[in-house]
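What the coordinates show
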Amino acid sequence: MAQQPKQEGGLGVRDLATHNACLLLKLLHRLHHPEDSAWAIWARRSTDMISMKGPADGNHWEGLQALLPAYRCITSVQVGDGASTSSWWDSWLGAFTLAVQFPCLLSHSTNKDVSVQQIIQLGISYNLTARLSSQATLELTEVQQLLASITLTQQPDRRTCKFADTTSKLNTGAIYRASTYSGVSSRIYNYVWTSRAPTRVRFFGWLLMRGRLQCRANLYYKHVLDDDICELCRQQPETSDHLIFHCTVAKEFWNHLGFQGLPLPSVQQLWDMPRPPTIPPKHFNTMLLLCCWNIWNHRHDVVFRHQQPSLRRLLAACKEAARLWGCRLRQRDRHLVDVWCQMFVMH
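Residues numbered from 1 in each chain as written. Predicted model: local features only at pLDDT ≥ 70, side-chain atom pairs only at ≥ 80, totals over all residues. Heavy atoms only, no water.

1. Some remarks on the packing of helix 1 (residues 16–32) against helix 2 (residues 38–45)
The cut-off we apply is this: Fitted lines through C-alpha atoms give the axes, limited to the stretch in contact for helices. The angle between two N-to-C directions lies from 0 to 180 degrees. For the purposes of this entry, the term helix denotes a DSSP run of H or I that reaches at least four residues, the term strand denotes a run of E that reaches at least two, and both are numbered from the N terminus. To sort the angles, those under 35 degrees are grouped as roughly parallel, those over 145 as roughly antiparallel, those from 65 to 115 as roughly perpendicular, and the leftovers as oblique. In what follows, residue pairs with any heavy atoms lying within 4.5 Å of each other are defined as contacts. Each residue is assigned to one class: nonpolar for Ala, Val, Leu, Ile, Met, Phe, Trp, Tyr, Cys and Pro, charged for Asp, Glu, Lys and Arg, and polar for all the others, Gly among them.
Relative orientation of the contacting elements helix 1 and helix 2 amounts to 70°, with a least axis distance of 8 Å. On the basis of the axis angle, helix 1 is roughly perpendicular to helix 2. Of the residues in helix 2, those in contact with Leu 27, Arg 30, Leu 31 and His 32 of helix 1 are Trp 39, Ala 40, Ala 43 and Arg 44. Along the lines of polarity and charge, the residues of the contact of helix 1 with helix 2 split into five nonpolar, one polar and two charged.

Written as structure tokens, this is what we have:
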């Protein structure tokens, strides 16, 4: 969950294995574009670019070899001399590889790492078994028709990639995002991570809405505590919902702000919180995170500093935090702080 992108409800902690693979893909791309790299020019002299076999060895080179199929999936080739393009595994005749378009013919190939240069100069038949099935024979006819339109040149093959920038350098950040993002967005992202709250409060909001807050109910479930009774009211188990909305002081707090009689959602669906007409809609999520954060801190004061539960002290803490958070809002939105502070006044 922590390594999920924030857009999907995770924390966006970088997956080092995936990130390392993206960086190795950048080296593979440099190997196929050696113009500005002395390392790539040196490596190409003794390396079979089709199979990536050569005198180099070690975990680093094995990692490059393992990522070659992935690199071929994100690149296409404009054939020049055909020497560095795989006839079966590279996309050089349209959007799909010959291996995908002609799987039966591939099964009759004696060398699946043959280059385009070899099959153009020697003919594809030299790379096939003596006897072909009827389906392979039909596919051979189609391939020969495609190859008849190909003319090799003296220029090296040129690879293009949609993840490359205008200078043909691979954008590893874009590859990483494409590798880790499933396309399913989470409402937590728009509610928590786009708010104007400080980073630690946004992290608190993520824990709260993910049900990961270390309240007594969670600690009791993990066998850290002997009971889960709320230390503020001594009446109900201290779940996140109870602490934020239903505990005695919390209920008085929300009623004071004008939420009395409104249906309060679960904290894991804080985006469904109804908004009283007295509270401005803009940055409503930031204001709610401010309130939840100070309720949590008020709980800490009672549990760890042995203070008495106090609505007046909770409202004063929210007012002070609102003043401090005002600098996080844009200049045109800072009038909202005055509205919030008026709400936190104890009449």
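2. Side note on the pattern of salt bridges
Convention followed: When a carboxyl oxygen of Asp or Glu is within 4 Å of a side-chain nitrogen of Lys or Arg, the pair counts as a salt bridge. Burial here depends on accessible area, computed with a 1.4 Å probe over protein chains only, as a share of the maximum for the residue type. Under 20% is buried, over 50% is exposed, and the range in between is partly exposed.
Overall, the coordinates contain eight salt bridges when judged by the stated rule. Here Arg 216 ties to Asp 227 by a salt bridge, and the two come within 3.1 Å at their closest N and O atoms. Here Arg 216 is found in helix 11 (residues 216–221), whereas its partner Asp 227 is found in the loop between helix 11 and helix 12 (240–246), with eleven residues between them in sequence. When the shortest N-O distance is used, the salt bridge between Asp 333 and Lys 282 registers 2.9 Å. Pair noted here: Asp 333 is in the loop between helix 15 (311–325) and helix 16 (335–343) and Lys 282 is in the loop between helix 13 (248–256) and helix 14 (284–304), with a separation of 51 residues, a long-range link. With a relative accessible area of 5%, Asp 333 lands in the buried category. Here the residues in one salt-bridge network are Arg 72, Asp 90 and Arg 159, joined through shared partners.

3. Topic: helix 8 (residues 172–180)
Selection criterion: Any pair of nitrogen or oxygen atoms within 3.5 Å is treated as a polar contact; in protein, a donor-acceptor pairing is required on top of that, and neighbouring residues in sequence qualify only through side-chain atoms on both sides.
All of the buried residues along helix 8 are Thr 172, Ala 174, Ile 175 and Tyr 176. Looking at the packing, one finds that the buried side of helix 8 touches helix 1. The backbone nitrogen of Gly 173 has a side-chain oxygen 3.1 Å away, supplied by the residue at the start of helix 8, namely Asn 171.

4. Section: unusual backbone geometry
For residues besides glycine, phi is generally negative; the peptide bonds are generally trans as well. Look at Ser 168: it is not a glycine, yet its phi comes out positive at around 70°. Mapping Ser 168 onto the fold places it in the loop between strand 2 (158–161) and helix 8. Positive phi, close to 65°, is recorded for His 223, a residue that is not glycine. Among the secondary structure elements, His 223 is positioned in the loop between helix 11 and helix 12.

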